[in-house]
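If you want the building blocks of each chain, they are given just below.
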Amino acid sequence: MSRVQMIAVSADANDQRLDRWLRRMFPDVGQGRIEKMCRKGELRVDGGRVKASTRLQSGQTVRVPPMPDPSDTPRGAPVARISAEDEKMIQNCVIYKDDHIIALNKPPGLAVQGGSGQTRHVDGLAEALKFELDSKPKLIHRLDKDTSGVLVLARTGQAAAGLARAFQSRETRKIYWAAVAGSPKPNMGTIKYGLVKAGGHGPNGAGEKMHCIHPNDVQDTEGAKHATTDYFVLEEVGKRASWVTLVPITGRTHQLRAHIAELGHPIVGDGKYGTNAQVNDGDGWGSQLGGEISRKMHLHARSLSFVHPITKAELSLTAPLPEHMKNTWDTFGWQVKYAPKDPFEEFM
């Protein structure tokens, strides 16, 4: 067991969530433990109480209470059991694996981490992804529960540190595919609305969402952050729906969902940022298309490109569409095989 530690936040951890920062140094500490330390005031930043989602700033000092060493775990201690069905499911999600990293095509509906009542999540199921190593792979980034697609985990500490730096410094390129209601105009553009969290009306803030504000108002709005998203319309079905490529230049919570909805074209199945209606009332489309189109979220992390943290090779990982989105693509006659890997490439 370690003693209380006062750890300075380095420049490369600027704007990183407290829970992710802590797990980089103490990979055996779970999300539930971190949230409990925050609630009890044991984990503090510059002397103040914090939440697990608090964003750190370089130069701050984090008070870390005594943390258990992996060797402190008693022999025979209970280990969370993973069903054979879940073990097979998560292993079938693997789309890339080497000695240092592993990548999944995360299915929609599966949370990445615990919390908010989530007991079945990638972080817990990662025990089934150890393969020949002794420890489970570590989360480096995340996707929303209902978003599918490429999710990369680190199998070694060195890989975790390298990937974390790449994500923080925006040296990765993420390309998302979405089906949206209506047809954004122009067919290609950049969305620069700032984002600020708006509280929900349910218990413990349930239902909170990100609110878009004009970029000029960000500086004067408490808690607001600048956000930038590139979009490109690949196919259209009249004025009813479109296949859109989305590239987050910044990485804010719900950024893609909030940005495209602010244009009046919410992602199909996203009732939080659209509505559950199927009509355009003049202020924007509803998020449902009706008929045979699934009511599930139509947002997919199609590809992720980055430099391998150890081998330094260029990697570009691609994830096939989930079944409900594939059915929508088939219904509209959208051909994945003809889609450009990166439609913005000629403009870069």
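Everything that follows concerns the structure shown earlier in this document.
Going along each chain's sequence as written, the residues are numbered from 1 onward. A pLDDT threshold of at least 70 governs which residues receive local features in this predicted model, and a stricter bar of 80 or more applies before side-chain atom pairs are shown or counted, although totals over entire chains, interfaces and linings include all residues. The side-chain numbers reported here are obtained from all heavy atoms of the structure, hydrogens and water having been left aside.

Student: Could you give an account of the side chain of Arg257, with specific residues and numbers?
Tutor: A run of H or I in DSSP becomes a helix once it reaches four residues, and a run of E becomes a strand once it reaches two; helices and strands are each numbered from the N terminus. Looking at where Arg257 falls in the secondary structure, it is placed in helix α6 (residues 255-262). Here, two residues are considered to be in contact whenever any of their heavy atoms come within 4.5 Å of each other. Apart from the residues within four sequence positions on either side, Arg257 is in contact with Asp144, Ile267, Asp270, Lys272, Tyr273, Met297 and Leu299.

Student: Which residues make up the pattern of salt bridges, and what values do they have?
Tutor: One speaks of a salt bridge when a side-chain nitrogen belonging to Lys or Arg is within 4 Å of a carboxyl oxygen belonging to Asp or Glu. Summed over the entire model, instances satisfying the criterion amount to 14 salt bridges. A salt bridge links Asp342 to Arg173; its shortest N-O distance comes to 2.7 Å. With Asp342 in the segment after α7 (323-332) and Arg173 in strand β9 (residues 173-181), this pair connects stretches of sequence that are 169 residues apart. Between Lys326 and Asp330 there is a salt bridge; the shortest N-O distance is 3.3 Å. Residue Lys326 and its partner Asp330 are both found in helix α7; the two are separated by four residues, about one turn of the helix. Only protein chains enter the calculation, and the probe is 1.4 Å; a residue is then buried if its accessible area is under 20% of its type maximum, exposed if over 50%, and partly exposed in between. Here Lys326 falls in the partly exposed class, since its relative accessible area comes to 40%. Taken together, the shared-partner salt bridges in this structure form one network comprising Arg142, Asp144, Arg257 and Asp270.

Student: I'd like to hear about the nonpolar core, residue by residue, with values.
Tutor: Here, the term nonpolar core denotes a set of buried Ala, Val, Leu, Ile, Met, Phe, Trp, Tyr and Cys residues that are joined through side-chain atoms within 4.5 Å. Core analysis: the largest hydrophobic core is formed by 28 residues, its most contacted members being Leu246 and Leu299. Contributions of two or more residues to this core are made by β6 (101-106), α4 (122-125), β8 (148-154), β9, β13 (229-237), β14 (241-248), α6 and β15 (299-307). Top element by residues in this core is β9. It accounts for three residues. Beyond its immediate sequence surroundings of up to four residues, Leu246 is in contact with Lys174, Ile175, Tyr176, Ala178, Thr229, Asp230, Tyr231, Leu256, Ile260 and Leu299. The next biggest cluster of nonpolar side chains, apart from the first, holds 19 residues, and it includes Trp21, Leu22, Phe26 and Val50.

Student: So what's going on with the sheet that holds strand β2 (residues 44-45)? Residues and values would help.
Tutor: One open sheet accounts for four strands, arranged β1-β4-β2-β3; its pairing is antiparallel. The two strands at the open ends of the sheet, each matched to only one other strand, are β1 (5-8) and β3 (48-49). Each pair of strands is called paired provided DSSP finds at least two bridges between the two strands. The sheet contact formed by β1 and strand β4 (residues 61-64) spans four bridges and is antiparallel. Following the sheet pairing, Gln5 is matched in β4 by Val64. Here the axes come from fitting lines to C-alpha atoms, over the contacting stretch only for helices, and the angles between their N-to-C directions go from 0 to 180 degrees. Relative to the sheet, helix α1 (residues 18-25) contacts β1 and β4, its axis offset from that of β4 by approximately 65°.

Student: Kindly report on the packing of aromatic side chains, identifying the contributing residues and their values.
Tutor: Within 6.5 Å between ring centres, the rings of Phe, Tyr and Trp (the latter by its six-membered ring) count as paired, and their orientation is classed by plane angle as stacked under 30 degrees, edge-to-face over 60, tilted in between. One pass over the structure, following the stated rule, counts six aromatic pairs. An angle of 75° between the planes, with centres 5.0 Å apart, marks the rings of Trp177 and Trp243 as edge-to-face. Taken together, the residues Trp177 in strand β9 and Trp243 in strand β14 connect sequence positions 66 residues apart. Residue Trp177 shares its accessibility class with Trp243, and that shared class is buried. Aromatic ring contacts, followed pair by pair, group Trp177, Trp243, Trp329, Phe332 and Trp334 into a single cluster. In this arrangement the basic side chain of Lys97 is found over the ring face of Phe131, its NZ or CZ atom lying 5.0 Å from the centre. Remark: a charge is flagged as sitting over a ring if the NZ atom of Lys or the CZ atom of Arg is within 6 Å of the ring centre and within 35 degrees of the ring normal.

So, to be careful, I would describe these as geometric facts and stop short of saying anything about function.
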